[in-house]
Amino acid sequence: MYTSDEPTRDGRASADADVEPTDDAATDPPTGAHGDPDATRAATTRDGDGKGDGGAADGDADPVVAVRDVRKTYDLGGTVEALAGVSLTLPAGSYTAVMGPSGSGKSTLLNLVGALDTPTSGTVEVAGRDVAAVEEADRAALRGTEIGFVFQTFNLMPRLDAVENVALPLVFAGWDRDRRRERARDLLDRVGLGERYDHRPTELSGGQRQRVSIARALAPDPAVILADEPTGNVDTGTGAGIMRLLADVNDRGTTVLLVSHSRRIAGHADRIVHLRDGLVESIESIESGESGDGSAGDAAADTSGATSDDPTRGTAAGESDEPAAGGGDA
Amino acid sequence: MEPRETLRIATRSVRSHKLRSTLTVLGVVIGIASVVTVATFGASVQADVVSEVESSSANNVYLLATPDADGDGDGPGGFSGALQPVFTTRDVEQLRAIEGVQRVLPRGNVPVSSLSYRDDTVARTQVTATTPGAISADAVVEGRAFRAGANEVVVNEAALRAFEANLSVGDELTITRGSGEATTVEVVGVVSRTAGQLPFAGFSGQPRFFLPVDPFYRTAVESPALGVNQAAYPQLTVVADPARVASTKDRVRTYLETGSDAAELKPSSFALTAQTSGDFVDRIEEIITRITRFVTGIAVISLIVGAVGIANIMLVSVTERTREIGIMKAVGARNRDVIQLFLAEAGLLGVLGAIAGLPIGIAAAYGATIYAEVGFTPAPTWFAIAVGVGVLVGLVAGLYPAWRAARVDPIDALRYE
């Protein structure tokens, strides 16, 4: 389903997908604004707007990620419940932020959605596949093809240059060398690092490293990008650029799950899932321009139309057994 | 992932730690080089010895009475034991009649007290006596073979320098027997060897003198079969039909065991042996092979040390690169890929060690053969084994580290600073 090399996904209108990389698109609010009239989409409102002009209404869109009543406990000399029954769906093309204090279960949730871990109970489906039901090798393949990680600490391979770093997921996915290098160069061009193909991470600035990391996350054309505090290790100005880039990625149709403890950063998303003590505390929809600090707010506005979430699904574990909700399980 | 990419990444890892990789490889180099050196040197010595032995006629069957295997522990059929004169003239004649036997050459020692040339006298306890047939034409370096019944002597080249004045063909020697009886003999020839000379007997550069059995050999015993005194020899050399050496040897052995005077005359703790030079070669080869294996085994220890070095450095590498492993796993590397990567790296270290160790080992073996004055015989099988073992050592040493790498938990690894 998400195997196309073309980054634009689904049926989103080319008019929207036609955004320029980075700054231009992100700073141009009208480009992506679909005029979603719901200034404040209440958490309980089932928003049918979905993809806006893409026409992908909730009803027909398979969620890219479906987390159902997930519990995760760790045995650390006493059972610690990191997640105590969380449900969450990420519709295709959505941009969701997860916020919460330390110990709220953000990282655990991210690890589960990233198929790095399996839940103690409940199910996590990524791109239609239950991550707990497959072999470790298949889980690795799932990570390599359907999930793109963007880490706070970049996590680039120190001995590989930019092109090789970006191409790394494709190595494990079995692409041949020429194709993956071409793909890596295209992506580096797209994130504005066309001049830095053969630079190693140590020869790049923090912002540039994070761009390489985003390009790497995009390399296999994943179903979802997981960004864990992507601006945590860069200065504010650079961070804004990173957030614009993520917004652009989302504009092009890639589902994004952002984890941050910063309200300002999380505000770039279409909605914010607040976690506390392993439970979803609330889900908040972000309005265009709501987070008003300059470009960051623009980016949020730019992508607001891509939201097609079903907030109720995440609010309580009790509701997660409603398979038809939002058509997410179809 | 494709093997080429695996190799590329492994190569890069190895090259990124040049000193460390070099030292690790050095361990393998030393191991492989020692194995190759020892094995090649062993093979060279063996080939040299064998060629030396085989140059003496392969169709000679040596008959000896030697201490039994379960006797004084002098070894089975050893040719250093006290030689007993057990083969009578009757035995010689009987053996000549056996099918496939071309000639029977008796050989014995004449006890003497000294040899004199001009004014110089050298003490000597015995001189070898044999028949003219034992001196083949191609063994004669100068002059000719002695004739039966004549007071003549042939010598080897070392004997020409045994006296103060150089001896040469045509000179006269005085032989003083143990009894004090002196006989003057003429040096009629110089020979390089005589048939019936046991393998290795020609190795030493000792002066040797050969007299005709007739008239010099006087050791005699009573033939049990005939009841008369006859000349008896401690050693006979049966020259067999080259096409039928084995069968002739069997018939000779049968005669020795069943009807010979020798069987009667030999002390009970002695055994009669009939051996061809091939038998000697086999035994010598066996001994050298054993020694070579033993020393090679010791050399293998250094190879094991090299393997431990690889395992050690790979474990360090896994720990150091925990984060990288986590990254790779996060972007889709399966456990298999991680194992493959680390095995490739360890294998590469082994291969590099083998590639560098092989020529060093060959060179060292070559040097050793020159030093030991034996011909250099490369042992390609051992070369292949050494390289194979090098790769294997790398892979085996890399197994555990690679397994550890594959078990790295990506969640922990990504948090790893």
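Trainee: Hey, could you run me through the overall build of chain A in this one?
Mentor: Counting its regular elements, chain A contains twelve helices and ten strands. Within chain A, the proportion of its 330 residues that are buried is 58%. Long-range pairs, those at least 24 residues apart, make up 72% of the contacts in chain A between residues at least 6 apart in sequence.

Trainee: What should I look at first to understand the pattern of salt bridges in this one?
Mentor: Side chains carrying opposite charge are able to pair once their charged atoms draw close together. Enumeration according to the criterion identifies 26 salt bridges over all chains in this entry. Notably, a salt bridge pairs A:Glu284 with A:Arg263, separated by 2.7 Å at the nearest N-O pair. Here the residue A:Glu284 occupies a position in strand S10 (residues 279-285), and A:Arg263 occupies one in helix H10 (residues 263-266), the gap between them amounting to 21 residues. The salt bridge involving A:Glu281 is made with A:Arg276; its shortest N-O contact spans 2.9 Å. For A:Glu281, a relative accessible area of 48% corresponds to the partly exposed category. A relative accessible area of 42% places A:Arg276 in the partly exposed class. One salt-bridge network, held together by shared partners, links A:Arg177, A:Arg180, B:Glu2, B:Glu5 and B:Arg8.

Trainee: Is there a simple way to explain a nonpolar patch on the surface in this structure?
Mentor: Taken together, the side chains of B:Ile287, B:Ile291, B:Phe294, B:Val295, B:Ile298, B:Ile301 and B:Val305 present a nonpolar region at the surface, about 660 Å² in accessible area. Among the structural elements, B:Val295 can be located in helix H7 (residues 277-320).

Trainee: Even after reading the chapter, I still don't get the interface of chain A and chain B, so can you show me in this structure?
Mentor: When the parts come together, some accessible area is lost, and that loss is often what is quoted as the size of the interface. Chain A puts 28 residues into the contact, and the matching count from chain B is 27 residues. Where chain A abuts chain B, roughly 2400 Å² becomes buried across the two surfaces, and 59% of that area is made up of carbon and sulfur atoms. On the chain A side of the contact with chain B, A:Met157, A:Arg159 and A:Phe172 bury the most area, a combined 31% of that side's loss. Counting across the interface, chain A meets chain B through five salt bridges. Close ionic contact of A:Arg180 with B:Glu2 constitutes a salt bridge, the shortest N to O distance being 3.3 Å.

Trainee: Looking at this model, I keep getting lost on the packing of helix H7 (residues 177-190) of chain A against helix H8 (residues 206-218) of chain A. Mind explaining?
Mentor: All names here are of chain A. Where H7 contacts H8, the two axes come as close as 9 Å, and the packing angle between them is 130°. Judged by the angle between their axes, H7 and H8 are oblique. When you trace H7 past H8, the crossing you get is right-handed. Touching Arg183, Leu187, Leu188 and Arg190 of H7 are Val212, Ala215 and Leu218, all from H8. The class makeup of the residues in the contact of H7 with H8 is five nonpolar, no polar and two charged.

Trainee: Looking at this structure, how should I read the sheet that holds strand S5 (residues 129-130) of chain A?
Mentor: Hydrogen bonds between backbone groups are what pair the strands of a sheet, and the pairing can be parallel or antiparallel. Residues and elements named next belong to chain A. Strand order in this open sheet of four strands is S2-S1-S4-S5, and the pairing throughout is antiparallel. The sheet terminates laterally at strand S2 (79-91) and S5, the two strands that pair on one side only. When strand S4 (residues 121-126) meets S5, the two strands line up antiparallel, connected through two bridges. Among the inter-strand pairings, Glu125 is bridged to a residue of S5, identified as Asp130.

Trainee: How do you make sense of the pairing of strand S5 (residues 126-130) of chain B when you look at a structure like this?
Mentor: Within a regular beta strand, the side chains point alternately toward one face of the sheet and then the other, so they alternate between its two faces. Residue and element names in this part refer to chain B. Of all five residues that make up S5, four are buried, and the element is covered over most of its length. Judged from the five bridges that link them, strand S3 (residues 101-117) and S5 form a sheet pairing that is antiparallel. The residue bridging Pro111 from the neighbouring strand is Gln126, located in S5. In terms of strand pairing, S5 meets strand S10 (residues 209-212) through three bridges, oriented parallel. Paired with Thr128 across the bridge in S10 is Phe210.

Trainee: Hey, could you run me through the packing of aromatic side chains in this one?
Mentor: Here the distance between the centres and the angle between the planes together describe a pair of aromatic rings. Applying the stated criterion across every chain, the model contains six aromatic pairs over all chains. Ring centres of B:Tyr217 and B:Tyr233 lie 4.7 Å apart, and the angle between their planes is 15°; this geometry places the pair in the stacked category. Here B:Tyr217 is found in the loop between helix H4 (213-216) and strand S11 (220-222), whereas its partner B:Tyr233 is found in strand S12 (residues 229-233), with 16 residues between them in sequence. For the pair B:Tyr217 and B:Tyr233, a shared accessibility class is recorded, and that class is buried. Among the aromatic residues, those joined into a cluster by ring pairs are B:Tyr117, B:Phe163 and B:Phe209. We note A:Arg185 situated over the ring of A:Tyr197; from NZ or CZ to the ring centre the distance is 5.8 Å.

Trainee: Looking at this model, I keep getting lost on the nonpolar core. Mind explaining?
Mentor: Generally speaking, soluble globular proteins have nonpolar side chains that are buried together. Counting 79 residues, the largest nonpolar core has A:Val65, A:Val67, A:Leu109, A:Val126, A:Val224, A:Leu226 and B:Phe342 as the members making the most contacts within it. When residues in this core are grouped by element, the largest group, nine residues, is from helix H9 (residues 335-372) of chain B. Ranked by size, the runner-up nonpolar core spans 42 residues in total, among them B:Val187, B:Tyr255, B:Leu256 and B:Ala262.

Trainee: Even after reading the chapter, I still don't get the packing of H7(B) against helix H10 (residues 380-406) of chain B, so can you show me in this structure?
Mentor: A pair of packed helices is captured by two measures, namely the crossing angle of their axes and the spacing between those axes. All names here are of chain B. Direction vectors running N to C along H7 and H10 enclose 30°, while the axes themselves pass 8 Å from each other. At the point where H7 passes H10, the crossing takes the right-handed sense. Note on element contacts: H10 touches H7 through Trp382, Val389, Val393, Gly394, Ala397, Tyr400, Pro401, Arg404 and Ala405, opposite Thr296, Leu303, Ala307, Ile310, Ala311, Met314, Leu315 and Val318. Across the contact of H7 with H10, the residue classes tally to 14 nonpolar, two polar and one charged.

Trainee: Please clarify how the sheet that holds strand S7 (residues 224-228) of chain A should be interpreted in this entry.
Mentor: Residue and element names in this part refer to chain A. Taken in spatial order, the six strands line up as S6-S7-S8-S3-S9-S10 in an open sheet, and their pairing is mixed. Only two strands of the sheet have a single neighbouring strand rather than two, namely strand S6 (147-150) and S10. Adjacent strand axes in the sheet meet at a mean angle of 20° when their direction is disregarded. Inspection of the sheet shows strand S9 (residues 271-276) paired to S10 by six bridges, in the antiparallel sense. Bridging from a neighbouring strand, Leu275 pairs with Val280 of S10. In the packing of helix H4 (residues 106-113) onto the sheet, the strands contacted are strand S3 (95-99), S6, S7, strand S8 (255-259) and S9, and the crossing angle to S8 comes to about 155°. Strands in contact with helix H9 (residues 236-251) are S3, S7 and S8; relative to S8, the strand with the most contacts, it is inclined by about 150°.

Trainee: How should unusual backbone geometry be read in this particular structure?
Mentor: Residues other than glycine predominantly adopt negative phi, and peptide bonds predominantly adopt the trans conformation. At the junction of B:Asp214 and B:Pro215, the peptide bond is cis and its omega measures out at 15° in the coordinates. Mapped onto the secondary structure, B:Pro215 falls in helix H4. Here A:Asp69, not a glycine, exhibits a phi torsion of approximately 45°, which is positive. Relative to the assigned elements, A:Asp69 resides in strand S1 (residues 63-75). Positioned with a positive phi, A:Asp277 is a non-glycine residue whose angle comes to about 50°. By secondary structure assignment, the location of A:Asp277 is in the loop between S9 and S10. Since its relative accessible area comes to 59%, A:Asp277 is described here as exposed.

Trainee: Whenever I open this one, the confidence of the model for chain B confuses me. Can you help?
Mentor: It should be kept in mind that the predicted coordinates are not to be read in detail where pLDDT is low. Residue and element names in this part refer to chain B. Of the residues in chain B, 92% have a pLDDT of 70 or more, and the chain-wide mean is 84. Ignoring residues within four places in sequence, the model shows residues 71-81, a span with pLDDT below 50, making 16 contacts including any to other chains. Reported confidence for the predicted complex is 0.71 by ipTM and 0.66 by pTM.

Trainee: Hey, could you run me through a negative patch on the surface in this one?
Mentor: A cluster of like negative charges, contributed by A:Asp176, A:Asp178, A:Glu182, A:Asp186, A:Asp189 and A:Glu195, occupies part of the molecular surface. Relative to the helices and strands, A:Asp178 resides in helix H7.

Trainee: Would you explain the confidence of the model for chain A in this entry?
Mentor: All names here are of chain A. Residues at a pLDDT of 70 or more form 68% of chain A, whose mean pLDDT is 75. Confidence drops under a pLDDT of 50 for residues 1-60, and excluding neighbours within four residues, the segment shows 131 contacts in the predicted structure. This model gives residues 289-330 a pLDDT under 50, and the stretch forms 123 contacts once residues within four places in sequence are excluded.

The rules behind the values
- Counting starts from 1 at the beginning of each chain's written sequence and moves along it residue by residue.
- Here every chain gets a letter starting at A, and every ligand a number starting at 1, in the order they are written.
- Owing to the predicted nature of the model, reporting of local features is limited to residues with pLDDT of at least 70; listing and counting of side-chain atom pairs is limited to 80 or more, with chain, interface and lining totals taken over all residues.
- Note: side-chain values were computed over all heavy atoms of the structure, leaving out hydrogens and water.
- A helix here means a DSSP run of H or I that spans at least four residues, while a strand means a run of E at least two residues long, and both kinds are numbered starting from the N terminus.
- Exposure classes here rest on a 1.4 Å probe applied to the protein chains alone. A residue is buried below 20% of its type maximum, exposed above 50%, and partly exposed in between.
- Pairs of residues are marked as contacts when any of their non-hydrogen atoms sit within 4.5 Å.
- A side-chain nitrogen of Lys or Arg and a carboxyl oxygen of Asp or Glu constitute a salt bridge if their distance falls within 4 Å.
- Residues with no salt bridge and a relative accessible area higher than 30% make up the patches, which join like charges within 9 Å and nonpolar side chains (Val, Leu, Ile, Met, Phe, Trp, Tyr) within 5 Å.
- For every accessible area listed, the method is Shrake-Rupley and the probe measures 1.4 Å; residues are considered covered only by the protein chains on display.
- Buried area, as used here, totals the accessible surface that two parts lose on assembly, with accessibility defined by a 1.4 Å probe and the loss added over both.
- Here, axes are lines fitted to C-alpha atoms. For helices the fit covers the stretch in contact, and angles between N-to-C directions go from 0 to 180 degrees.
- Should an angle fall under 35 degrees it is called roughly parallel, over 145 degrees roughly antiparallel, and 65 to 115 degrees roughly perpendicular, with every other angle called oblique.
- By definition, any crossing whose near helix is turned counterclockwise from its far helix by less than a right angle is left-handed, and any crossing with a clockwise turn is right-handed.
- Residue type decides the class: Asp, Glu, Lys and Arg count as charged, Ala, Val, Leu, Ile, Met, Phe, Trp, Tyr, Cys and Pro as nonpolar, and the leftover types, Gly among them, as polar.
- Strands were regarded as paired on the criterion that DSSP finds at least two bridges between them.
- Here is the rule: rings of Phe, Tyr and Trp (six-membered ring for Trp) pair when centre to centre is within 6.5 Å. Planes less than 30 degrees apart are stacked, more than 60 are edge-to-face, and the remainder are tilted.
- Remark: a charge is flagged as sitting over a ring if the NZ atom of Lys or the CZ atom of Arg is within 6 Å of the ring centre and within 35 degrees of the ring normal.
- Nonpolar cores are built from buried Ala, Val, Leu, Ile, Met, Phe, Trp, Tyr and Cys residues. Side-chain atoms within 4.5 Å join them into one set.
- A residue's pLDDT is simply how confident the predictor is in it, with values from 0 to 100.
- Positive charges are assigned to Lys and Arg, negative charges to Asp and Glu, while His and the chain termini are left out of the count.
- In plain terms, the charge of a residue is placed at NZ if it is Lys, CZ if Arg, CG if Asp and CD if Glu.

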